[in-house]
Amino acid sequence: MNKCDQCIVRQLSALKALNKEQIIQLANSKSTQVIKKGEAIIEEGEVINGVFCIKDGIGKLSKLSANGRDQIVKLVKSGELLGQRSMISNEPANLSATAIADMEVCFIPKSEIIQFFNNNNQFSMNLMQSVCDDLKHADEHTVDMVQKTVKERLAEKLLYLSDTFGVNADQSLKVQLSREELAGMIGTATESCIRMLSEFKKSGLIELKGKLIFLKDIKGLKKEAS
């Protein structure tokens, strides 16, 4: 198991502000676990007694709507922290976090995080910045859901998946979401998402092979997204 001081992922989060002594403290207190695809890291309503640092893999943050649909709020990747907002506010988690590809995460107990928060100004600023970024993302997501059509949201999300997570050697999107998950990201019924993907394929914007999605016309997708 890699030591925390050698972990490149640490440099991508609020943890980069920790000093040498605090890094040793972190290494001695954390535990590492593998989360298989489809397994939950955090359940909505759960009391979280610490934060999770994503070392590898991709997860989804989602909320179960009144009609039972899983509304995906955000995808998370290596270097991001989970649970910091619930920990700071002392409230149960308001979102679920589930692996959509096998993940490796490190759990850091609340007692350690609070110590770092109280004794390291830069760490506390970084952590609050992370929470603010999440709130900004939530605001933008809300506006998009109200002001943009399903077609615009789908085009925008396909471009986001390509820009954020990249493509495989065959140029297919690296993140392989089910049609239901993709529908959950854009806030529509699965049937509507499938129909819109079919329209994009007919227009030459994308190619579909099973779950794989290939973006064929980036310029055209940007036009649809705007």
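Residues numbered from 1 in each chain as written. Predicted model: local features only at pLDDT ≥ 70, side-chain atom pairs only at ≥ 80, totals over all residues. Heavy atoms only, no water.

Under the annotation held in an unreviewed UniProt entry, the chain carries the name Crp/Fnr family transcriptional regulator and is attributed to Flavobacterium cheongpyeongense.

Things to note about the UniProt feature "domain: HTH crp-type" (unreviewed entry) in the chain
As annotated in UniProt, the feature "domain: HTH crp-type" (unreviewed entry) corresponds to residues 148-219 in the numbering used here. This span, residues 148-219, is 54% helix and 11% strand, and a straight line between its end C-alpha atoms measures 18 Å. (UniProt positions renumbered as here; feature names shortened; annotations may be inferred. Helix = DSSP H or I, 4+ residues; strand = E, 2+ residues; numbered from the N terminus.)

A word on the sheet that holds strand S1 (residues 31-35)
Strands sit in the order S1-S8-S3-S6 across an open sheet of four strands; the sheet is antiparallel. The outermost strands of the open sheet, each flanked by one partner alone, are S1 and strand S6 (81-82). By the bridge criterion, two bridges tie strand S3 (residues 50-56) to S6 in an arrangement that is antiparallel. Considered in S6, the bridge of Phe-52 is made with Leu-82. Where helix H3 (residues 110-119) meets the sheet, it contacts S3 and strand S8 (103-109), and its direction lies at approximately 70° from that of S8. (Pairing = 2+ DSSP bridges. Contact = heavy atoms within 4.5 Å. Axes fitted to C-alpha atoms, helices over the stretch in contact; angles between N-to-C directions.)

Focus: empty space enclosed by the protein
Within this structure, the stated rule accounts for three cavities of 30 Å³ or more. Quantified by volume, the largest cavity comes out at close to 120 Å³. Together, twelve residues line the largest cavity, and Cys-4, Cys-7, Lys-30, Cys-53 and Cys-106 are the ones closest to its centre. Those elements giving two or more residues to the lining of the largest cavity turn out to be S3 and S8. Residue classes in the lining of the largest cavity are distributed as seven nonpolar, one polar and four charged. Of the pockets and cavities examined, the second largest cavity occupies roughly 60 Å³. Forming the boundary of the second largest cavity are Leu-161, Leu-173, Val-175, Gln-176, Leu-177, Leu-182, Lys-211, Leu-212 and Ile-213. (1 Å grid on protein atoms, 1.4 Å probe; cavity = no way out; pocket = protein on both sides within 12 Å on 5 of 7 lines; lining within 4 Å. Points joined across faces, edges and corners; volume = space filled by probe spheres on them. Nonpolar A, V, L, I, M, F, W, Y, C, P; charged D, E, K, R; others polar.)

Quick notes on the packing of aromatic side chains
Applying the stated criterion to the full structure yields three aromatic pairs. When the ring centre of Tyr-160 is taken as origin, the NZ or CZ atom of Lys-157, which lies over that ring, is 5.8 Å away. The aromatic ring of Phe-214 is capped on one face by Lys-209, whose charged end is 5.3 Å from the ring centroid. (Phe/Tyr/Trp six-rings, centres within 6.5 Å; stacked < 30°, edge-to-face > 60°. Lys NZ or Arg CZ within 6 Å of the ring centre and 35° of its normal.)

Some details on the sheet that holds strand S5 (residues 70-76)
Pairing in this open sheet of four strands is antiparallel, and the strands run S2-S7-S4-S5 from one edge to the other. The open sheet has two edge strands, strand S2 (40-42) and S5, and neither has a second partner. Between one strand axis and the next, the sheet turns through 35° on average, direction left out of account. In this structure, strand S4 (residues 59-64) lies alongside strand S7 (residues 96-99), joined through four bridges in antiparallel fashion. Looking across to S7, one finds that Lys-60 is bridged to Thr-98. Across the sheet, helix H6 (residues 179-186) touches S4 and S5, and the angle it forms with S5 is around 90°.

Remarks on the UniProt feature "domain: Cyclic nucleotide-binding" (unreviewed entry) in the chain
UniProt's entry tags residues 14-134 with the feature "domain: Cyclic nucleotide-binding" (unreviewed entry), counted in the numbering of this structure. Its end C-alpha atoms 14 Å apart, residues 14-134 is made of 33% helix and 34% strand.

Focus: H6
Of all eight residues in H6, seven are buried; the element is thus mostly enclosed. Taken together, the buried positions of H6 are Arg-179, Glu-181, Leu-182, Ala-183, Gly-184, Met-185 and Ile-186. Positive phi appears at Gly-187, one or two residues downstream of H6, with a value of about 70°. (Buried < 20%, exposed > 50% of the residue type's maximum accessible area, 1.4 Å probe, protein only.)

A look at the packing of helix H5 (residues 150-165) against helix H7 (residues 190-202)
Direction vectors running N to C along H5 and H7 enclose 70°, while the axes themselves pass 11 Å from each other. Viewed along their axes, H5 and H7 adopt a mutual orientation that is roughly perpendicular. Contacts between H5 and H7 pair Val-150, Lys-151, Leu-154, Ala-155 and Leu-158 from the former with Cys-193, Met-196, Leu-197, Glu-199 and Phe-200 from the latter. Tallied by class, residues from the contact of H5 with H7 come to eight nonpolar, no polar and two charged. (Parallel < 35°, antiparallel > 145°, perpendicular 65-115°, else oblique.)

A short note on the nonpolar core
Judged by nonpolar contacts, the single largest core of 28 residues is most densely connected at Leu-158, Leu-182, Leu-197, Phe-200, Ile-206, Ile-213 and Leu-221. Of all the secondary structure elements, the ones that give two or more residues to this core are S5, H5, H6, H7, strand S9 (206-209), strand S10 (212-215) and helix H8 (218-225). In terms of residue count, H5 provides more of this core than any other element does, six residues in total. Summarising the domain contributions, this core has at least three residues from each of domain 1 (8-121) and domain 2 (148-225). Beyond its immediate sequence surroundings of up to four residues, Ile-206 is in contact with Leu-158, Leu-197, Phe-200, Lys-201, Ile-213, Phe-214, Leu-215, Lys-216 and Leu-221. (Core = buried A, V, L, I, M, F, W, Y, C linked by side-chain atoms within 4.5 Å. Domains from an automatic or database assignment.)

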